[in-house]
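Each chain is listed here by its residues.
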Amino acid sequence: MPNSDAIIEGLKTIAGVTGVVITLALIVMVSSSTEVIRRSYFEVFWYTHHLFIVFFIGLVLHGIGGIVRGQTNLDVHNPEECFRRYLEWSPDDATCKIPQFQGGGAQTWKWVLAPMILYVAERCIRFYRSQQKVVITKVVKHPSKVLELQMKKRGFQMQAGQYIFIHCPSISRLEWHPFTLTSAPQEDHFSVHIRIVGDWTGALSKACGAEEPEFQDAWKMPQIAVDGPFGTASEDIFRYQVGVLVGAGIGVTPFASVLKYIWYQYCNPDITLKLKKVYFYWICPDTLSFEWFADLLQSLENQMLERGMGDFLNYNIYLTRGWDANQAKNIILHEEENSDVITGLQQKTHYGRPHWDQIFSNIAQSHTGVSVGVFFCGPKGLSSTLHHMCNQHSSSDPRGVHFHYNKENF
């Protein structure tokens, strides 16, 4: 119709309506996926992404109206031959009759059916696993707003560096949050260290009684569900002869599990490890962040010295800020002591940021002709730097040292 509005006419069709719906759903999902939204308003990101259901339903229905049409009489009208003879088209022409078109049926369902079946099956498996009972055996409130939860679950099996999803119905009926496991497979429990930075983590800390000064009975603990574990890049460290672990702030959590597991494996006489040397670098923003992880390092340090294996793990802690004038004076006064004044470790704390170019150069010189796995968890800026260092210091000679970069973040 010559006087009709194209938009109005389009919205009278199934394709027009579903096209608008899936476009709006996609715009909302993409805009809520930005890092600012995910970091500051996780609930907005979480709930808007359930519009994928609307998106796929609209996508499947989009072709029902048959707006996209295909030629049905190709046997009597070959487009490659007849497009030059369009003035000769007629019902009586044996080779170039008038082309006939017909709308095709919906085809999208054929392409999304298999992925949807896999998705539904995966959700059913995850739902079943999440219904298994989880018992919180211990709650520890560490400095720098870090909450440690130790838990048990029947049949739970994990590998070092993996992560789980935690759900607490009393806080939110729908939200599941990922947290890296900090325990080793050899321990009789599994644990996570959670930094309290938002509404959900704050509510979990309060529900677990972390703010209460007195001991909390087990029956007072909130009911939680756990889904997982799921794999990460950190599991691949045993594929390399040399491993470099770099954690920034709370990004150190995956390496708690990895370092424990490496040590348990290293102490087992029945296991021969390909991994011969581990370098660990932890960049911390303040002194309060040291406590919980420094205890682990001190335990590993003591055990290695007892077994005469002090060279297996080379660890370096960097404090980037968080000290005042009095602390600086105290650090200087105790500089000559055998242990560090902040961490209590024999390895002294470095002040400032690491010189990565020099660090990678030293590692490359010490381990010629081997594959070095570099594993990082932390902010994007440092990730880009480390990735660049791996490329820069990898040898062009196949027989030289090669750095392989692996990262993870949430």
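Residues numbered from 1 in each chain as written. Predicted model: local features only at pLDDT ≥ 70, side-chain atom pairs only at ≥ 80, totals over all residues. Heavy atoms only, no water.

A few words now on the pattern of salt bridges. In total, this model carries 6 salt bridges according to the counting rule given. Of the charged contacts, one joins Arg239 and Asp236 as a salt bridge, the two residues approaching to 3.6 Å between their closest N and O atoms. Asp236 gets classed as partly exposed once you look at its relative accessible area, which sits at 22%. Its salt-bridge partner being Arg399, residue Asp397 comes within 3.4 Å of it at the nearest N-O pair. Accessibility expressed as a relative area gives 29% for Asp397, which makes it partly exposed. (Salt bridge = Lys/Arg side-chain N within 4 Å of Asp/Glu carboxyl O. Buried < 20%, exposed > 50% of the residue type's maximum accessible area, 1.4 Å probe, protein only.)

Its place among the elements puts Val20 in helix α2 (residues 14-31). Residue classification places Val20 among the partly exposed positions, given a relative accessible area of 40%. Once the C-alpha coordinates of Val20 and Gly58 are considered, the two residues, 38 residues apart in sequence, prove to be 9.1 Å apart. (Helix = DSSP H or I, 4+ residues; strand = E, 2+ residues; numbered from the N terminus.)

What follows deals with the side chain of Asp227. Tracing the chain through its elements places Asp227 in strand β8 (residues 225-230). Given a relative accessible area of 2%, Asp227 falls into the buried group. A polar atom in the side chain of Asp227 sits 2.3 Å from the side chain of Arg126. (Polar contact = N/O pair within 3.5 Å; in protein donor to acceptor, adjacent residues only side chain to side chain.)

On to the sheet that holds strand β13 (residues 371-377). Read from one edge to the other, the open sheet built from 6 strands follows the order β12-β11-β10-β9-β13-β14, with strand pairing classed as parallel. Only two strands of the sheet have a single neighbouring strand rather than two, namely β12 (350-351) and β14 (402-408). Against the sheet, helix α9 (residues 253-266) contacts β9 (242-248), β10 (277-284), β11 (313-319), β13 and β14, and its axis sits at roughly 150° relative to β9. Sheet strands touched by helix α12 (residues 356-366): β9, β10, β11, β13 and β14. Its angle to β10, the strand with the most contacts, is close to 175°. (Pairing = 2+ DSSP bridges. Contact = heavy atoms within 4.5 Å. Axes fitted to C-alpha atoms, helices over the stretch in contact; angles between N-to-C directions.)

A few words now on the nonpolar core. Counting residues in hydrophobic clusters, the biggest one holds 26 residues, and the most contacted among them are Ile237, Leu245, Leu259, Ile262, Val278, Phe280 and Leu313. Secondary-structure elements contributing two or more residues to this core are α9, β10, α10 (291-307), β11 and β13. With 6 residues, α9 is the single largest residue contributor to this core. In terms of nonpolar packing, the next biggest core, distinct from the first, is built from 24 residues, Tyr279, Tyr281, Ile283 and Met389 among them. (Core = buried A, V, L, I, M, F, W, Y, C linked by side-chain atoms within 4.5 Å.)

Where nonpolar side chains cluster on the molecular surface, the patch consists of Ile7, Leu11, Val17, Val20, Val21, Leu24, Ile27 and Val54 and spans about 670 Å² of accessible area. In terms of residue count, the dominant contributor to the nonpolar patch is α2 (5 residues). Mapping Val17 onto the fold places it in helix α2. (Patch = residues over 30% accessible without salt bridge, like charges linked within 9 Å, V, L, I, M, F, W, Y side chains within 5 Å. Areas by Shrake-Rupley, 256 points an atom, 1.4 Å probe, with all protein chains shown as cover.)

We now examine the packing of helix α5 (residues 52-61) against helix α7 (residues 108-130). Between α5 and α7, whose axes approach to 9 Å, the crossing angle comes to 150°. Of the possible angle classes, the one that applies to α5 and α7 is roughly antiparallel. Packed against α5, whose contacting residues are Phe52, Phe56, Leu59 and Val60, the element α7 presents Thr108, Trp109, Val112, Met116 and Tyr119 at the interface. (Parallel < 35°, antiparallel > 145°, perpendicular 65-115°, else oblique.)

Taken in spatial order, the 3 strands of this open sheet run β6-β5-β8, and their pairing is antiparallel. At either margin of the open sheet sits one strand with a lone partner, and together these are β6 (177-180) and β8. Between one strand axis and the next, the sheet turns by 30° as a mean value, whatever way the strands run. As defined by bridge partners, strand β5 (residues 163-167) adjoins β6 across 4 bridges and the pair is classed as antiparallel. Counted as the bridge partner of Ile166 is His177 from β6.

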